[in-house]
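Report on the structure
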Amino acid sequence: AAGAADADATPSPAPAPLPPRLLFPPRWTDQSFEERYVVESEVPDSERDPEVNPNAERDPTVHPNVRRAPRRVKRRFATPEPAHEIDVSLERTEPLFVTAVAADVSFEMDTGPIAFKPTLMFQARTHAVTLRNTGMANLPFECDVFDPKQDKGARPNARDEKIYSVAPSSGVVAPGGAVELVVRFAPTEVYASCSRTLRVCFPGASADGARDTTVSLNGKALRPWCHFDLAESDYLTSGRRPAGEGSSLPEVSSATKVVQFASLGLGARVARRFEVLNPTSEAYEFFWEKTSNGSFRVESERDHSPFRCLTPRGVVAPGKRYEMAFEYAPAEGDAHERAFTFRAPSVGVSVPFLLAGAVTEPRVTLDTACVNFGKCLVGATRRESVTLVNHESVPFKFSFENLVSAAYGDNSREVTFDPPSGTIGPLGEVRIAVAYKPTHEGSRSVNVAVNVDRKPKPIRLNVKAETYAIREACALEQDADIFSRLAPAPARNAVSLGRVCVDDVATRRISVVNEGELTFEAEWSLGLNSKALSVSPTCFSVAPGERRVCEIAYRPTRTETLRDTDAVLTVVNGRSYNFVIEADARKPLLVFSSRDVVFGPALIEANSSNHQNAPKNNTRVLTLTNQDSSPLAVDCAFDSVGDDDAGAFVLVSGPEASVGGGVLKPGASCEFVFAFEPREPRRYETYVPFEVNGVKSTRVRVSGEGVKPRLELQQSEKFSKNGSSGSGSVTLDFGSARAKSAIVKTLTLVNKCPLPVEVAVDSETLRAISDADVRCAVAVDGGSAKRLVAPPPETPEKADDAIGDSGDSKQTNENTVVSSSFSSVVVPARKTVTYKLTFAPEKRSRPFQVPFAVSVAGGAPKAVSLLVGGCVGAELALSRDALDFGAVVDGARVTKTVLLQNTGDVGCSFAFDVASALVGDKAHLRRRFELFPQSGYVGPGADQEIRLTFVAGFPTGHAGEDAAAKENGAVSVNYDFVARCVLDDGADTPLELSVLAKCVTASAPTDTVRFSARARGETVVETVVRNSTNEAWRLAPTIANGNWRGAETLFVPARGEASYAITYAPLSVSSDEDPHLGSVRFELPDGTVDTRELLGVADLPETAGVVEASVPAKKAATITVPVKNFVESRRQRFRATVTFSEDDSSPSSEAVTLRGPEFIEVAANATRSYPLSFYGFKEGETTRASVTFADVDTNEVATYDVAVTTSAPETQGEISLRAAARQKVIGRVPVTNPLSVPVDVTTRFSNPRTFAVDGETTTIPAKTTKDVRVGYRPVLAETAFSDVVVESDVLGAWPFRLALSATAAGPERGVSFTVPLGSAETKKVTFAHFLDEPAAYDVRFRGGGGNGAFVSAATHQAQAASGLEKDEGSEQSLDVTFEPMSLGSQFRDVLLITSETGGEYVVPVSGRCVAPKPVGPIVVGANGASVSFKNPFDAETTFVVTTDNPAFVATRSETIGAKQTKTIGVRYEPSDASRGTTAKLLVTSDRVPGAPWAFYLKAEQ
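One structure accompanies this document, and this report is about it.

Moving on to the pairing of strand E86 (residues 1159-1162). The alternating pattern of E86 places Ile1160 and Val1162 on a buried face and Phe1159 and Glu1161 on a face that is not buried. Note: strand E84 (residues 1132-1140) against E86, 4 bridges, orientation antiparallel. Considered in E86, the bridge of Arg1133 is made with Glu1161.

This is the structure in structure tokens:
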């Protein structure tokens, strides 16, 4: 029921078939075409008409009314667009630029009338007219000829239409171009009027423009008595005439018409026909006459002229044609001429004719002129093949004839040919098998003549060979280099091998010497009595004069006895030698204590090279005992190299000394000790071979299991995962601890291994945590904890002494064993070990991170945890401990600053206690000193500025004191005290700040010192201080105004003078009207003050500095200019201006970018970096510029000189190009032109398979970025990197890196064959060779060539691709021949064309073998006929021959050799007339039943 329902249901529409998937996209454009061969009858008649197509070929020997036989010609056809799918993700929009020019018709043409001279009918005259386009647009035109006197509606006469013709009749003339219009006058009748008008029309002309132009045509036609429809020949004018007697040519009139003949060989008859037209209304009689006018002699009837006129006379009717025929049948010679005259006496016509004949020798050749068989054996048949090739389009008969040589005698019977005779078809080939079987020694040479019909001389073939006989000698080796000669068959030679142990080997050597002059081959054949018997080599060859030694080996695998075992040595094409071999085999008796050594589980240890100290449970002993009656040589051939399982087992010791020299005496024993040292956690199993007497091998199985130490963290606390510390590690964070506090953390490890494991903390870890104030203690399985002490860093021996000398280890409890090292403990199976870590810092320290690494079972240390922590606190200090105000004039106010710096991790509060320092007699100083701020908070890493202001003044506690001071002449007062800074919570000791100051009275200047300098420059002026006292002075000068500075002290000798140098360093510009004012005060010991006025004038500053830098070209960089604010009292705002140098060596400003911000602000007395963005294009150029900074308030200027040099550019980027082999992929390299003019760039590549798509030179427009397209067409599958450099003389180089990746190419277009059985077809396989160098390709079939059906050359040499071929490839062609041996379409294979440099081409080939096609009819004459038949199979085959008409008699069966051709004789013997004269001959074979070869026969009556 369900099936019925489905049947009634409406079937759903089938999905649209998807296009076949291709391995690579086809190369197709709308201009693609393909060439195919078509039959000429398919070519349009217009292409063959000479009047329509002047370029059409016309054979002068063929009458135009005679249609030629169809032939195959090559034509082009447009390639249809392949099936495809649109990838929407790759869609993009590209601009299409359209340019058009609109203009009216404008032309120049001579429109004068054309008058042709009187012209005979069927003749033609031409005249050319030039049409020139003087406009700006294309000029289309059309030409036609019409009769101006005829009505427009009347239909013109068909014959009148062809009086005039114009070529070309239409077309387009480009702007500024010209075309030549050829007017042809060819009358075919005498007309009353030949006046016509040529009209040239211009389609598309505007209403106001010229639409056409006309030219008047006129001519006159004349009627001849006769017209010969014969093509003109250049035989007389081209110099192709043969030389006559005396090397002189007979003179011929220029009015002579020439009829040419061409004969292929001698004896052929060639007919030539042409027509004579009578265009008049009168009939006339004609005849042909042999000319005798002195130029040519009249040949008599006895002369055998090759020319014969088949129409010697006749009558030409009015308006009719008469066909003339001549025949040319040369019997000798190669060129002939004969003169005839056409005469019509009634009309007075006499026309001379010259008949010229040429004989061409048939192009039937052999592919070689000599067959050299080389060295041959007497009595052996050697075969070679030659090919008889027919290059003509007609068949020829051939036969081979051996010639007798006087030097070598009649040896023609030694050489035979198959087939000896036959017929070679048109444009065909016949492969001739040449067989040579010598009968005597010596050199042989046979000359063979190949007779070909119609060929004047036979083809010569020379057959050479050198024949030799085989001479060998065999001998049996008795002792070293002593041989006894052996007798050939039928004699039998005895070979005794004696007594042999099982698995041992016994050998005998037999030598074969070649005493002849030719290499021979020999082979051995052994009897079937014993498989342990062998001979080497079994097949071999011996060169002349050489000796070849063969070895008979007997290797028994069981106990046996050989008797009368036969062996035969046969020399190919020579004698044989018979051998009788005898031997006895027995087994040795050696007893093993065990054949299976089991170690069980063992712990993996990192360092276990000391096998002698291996644990006892990791060693095993194997005992061997000799129970044989004879000594046995025992050897352990155990090798652990190359086998992972065997590498875990080590042979610790071999046999004891009792085994004398490795030979085990009867009843003796020996021991082998093995150790097990696994490296991986898995099961190990291997076999240890023992050799007895060097041959008998016994294997002992050795096995064990490696157990990996498993020490894992026990998550008893909350740990934080640390991905960077390794797999499974955790972080123990102690946090930020305060000084003198303690934080405890524990780390527990579990031994999940079934064996005890030794665990040790890394010594470097112990030292690191000790330096971080972390103590470590260890406890095993909850036992008592033991503190681990970091070993001294000097030597490991001292670390071992830290625990004690009580032994290798000591017992802490029943489950814990502590090693003698600093940190190792042994953890029992399934137990835990706990590490207690205590962090107790004494003072502030930086944060630390220490990996806690342990070593398990002697392995490399591995971090199981990361210890993180630190001790935090505040750390405050003053930038300086004392403030010295120096001498300050009474009433002046001076401020100095000091920084309170916190370099700690936490903030801290502070408070200055000034009041406690200014008590008692210093209480009055409270109003002289002001401190701000007196308290506050300093954050971690922050600074707090403390300002202390001194207001100078004398003490005013009592008026009497002031007056007394003045009376006593006091001119200065010193002040000093210490201010304490108290920190928060007493975190640190209080800080102290010492303050010193001095108040002095003002005095009038004693001198004025003048200075002149540039702003931000400096100058030095000295002033002299004189000492008139008897004591030396040490003065402390005081300078008022920051523009001046000097030494802190000045030494003036007694009654002498000293110069004090004052430096004027102005920060701003001043003038004479507004100078800088200051003073210097010298406080003398007598209490007086020497004051001198300072006056300075500052001009504009010079260059503030030079900035030099080197930057790679094509890379953006930042150049920093240090801008300093020399003013201490305020911030400065500068306007920055960049000016390029006008030096010729500097690059153009368009090719360099150098700019920065317009403004910059700098804090008081600070320096700030001003950034300049720089980008240079060309390498090796230096850009010079000046950067000016002007103060926006005071217009003060600072100028810096900047010089930036561009170095070699770095790689601008990486471009990835991926393609299949032999396919092209295009990448884009962006290139920027900043100049206002176009720039040309060139491209260089380091990989020969990369190239510039648009040529070596590309123009980059001004102010534009353009992509330079680079292509990559690989020939091999590869992955490589390459460099591409785009260079410009103006802008330098752009280096890029190309990441190249090529995959294997897909298959090429396949080749298919359809061949009848017994035939062969050859086609060309084409492929493109892209290398610019020659390459040799190896050619082979992947599947063997379809069992031999496909054949091609083994190699192919490809020439280098040059010119345009480098891009599209040089087309190579390779012939592939398909010759099947069975019916069907199962022939498929893949042709591989491979080269190491050119790549691999994969070409699928397929073939289909169809039934043989019938052949015939074959005419059977009175002497019968021969049917040529070829055996298509690769073996000799018997064919059955039958006919369907008993009147035709043929051989019933034929046995033909492989790939050989044989003729089948057929006779016609009718018994009565009713049998008929036709028949079908069938050739059949059992190998292809149902597919006979059919030959149609026809009897000649």
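A sheet is described by the order of its strands in space; here 5 strands give the open sequence E4-E12-E11-E7-E9, paired in mixed fashion. The sheet is open, and its two borders are formed by strand E4 (114-115) and strand E9 (170-173), each paired with just one other strand. Pairing of strand E7 (residues 139-146) with E9 involves 4 bridges; the strand directions are antiparallel. Bridging across to E9, Phe141 finds its partner in Gly171.

Ordered in space as E99-E103-E101, the 3 strands form an open sheet in which the pairing is antiparallel. Single-partner strands in this sheet number two, and they are strand E99 (1321-1329) and strand E101 (1350-1352). Taking the axes of each pair of neighbouring strands and ignoring which way they run, one obtains an average angle of 35° across the sheet. With 9 bridges connecting them, E99 and strand E103 (residues 1370-1378) associate as antiparallel partners.

Before going further, it helps to spend a moment on the pattern of salt bridges. Considering all chains together, one arrives at 44 salt bridges under this definition. Between Glu35 and Arg76 there is a salt bridge, and its shortest N-O distance comes to 3.5 Å. Within this pair, whereas Glu35 is found in strand E1 (residues 33-39), its partner Arg76 is found in strand E2 (residues 72-78), the two being separated by 41 residues in sequence. Judged by relative accessible area, which is 57%, Arg76 ranks as exposed. Glu515 is the partner of Arg485 in a salt bridge, and the nearest nitrogen-oxygen pair spans 3.9 Å. A residue pair is termed long-range when its members are at least 10 positions apart, and Arg485 in strand E33 (residues 482-485) and Glu515 in the loop between strand E35 (506-514) and strand E36 (520-526) qualify at 30 residues. Overlapping salt bridges, with partners in common, bring together Asp229, Glu275 and Arg321 in one network.

Parameters and conventions
- Residues numbered from 1 in each chain as written.
- Predicted model: local features only at pLDDT ≥ 70, side-chain atom pairs only at ≥ 80, totals over all residues.
- Heavy atoms only, no water.
- Buried < 20%, exposed > 50% of the residue type's maximum accessible area, 1.4 Å probe, protein only.
- Helix = DSSP H or I, 4+ residues; strand = E, 2+ residues; numbered from the N terminus.
- Pairing = 2+ DSSP bridges.
- Axes fitted to C-alpha atoms, helices over the stretch in contact; angles between N-to-C directions.
- Salt bridge = Lys/Arg side-chain N within 4 Å of Asp/Glu carboxyl O.

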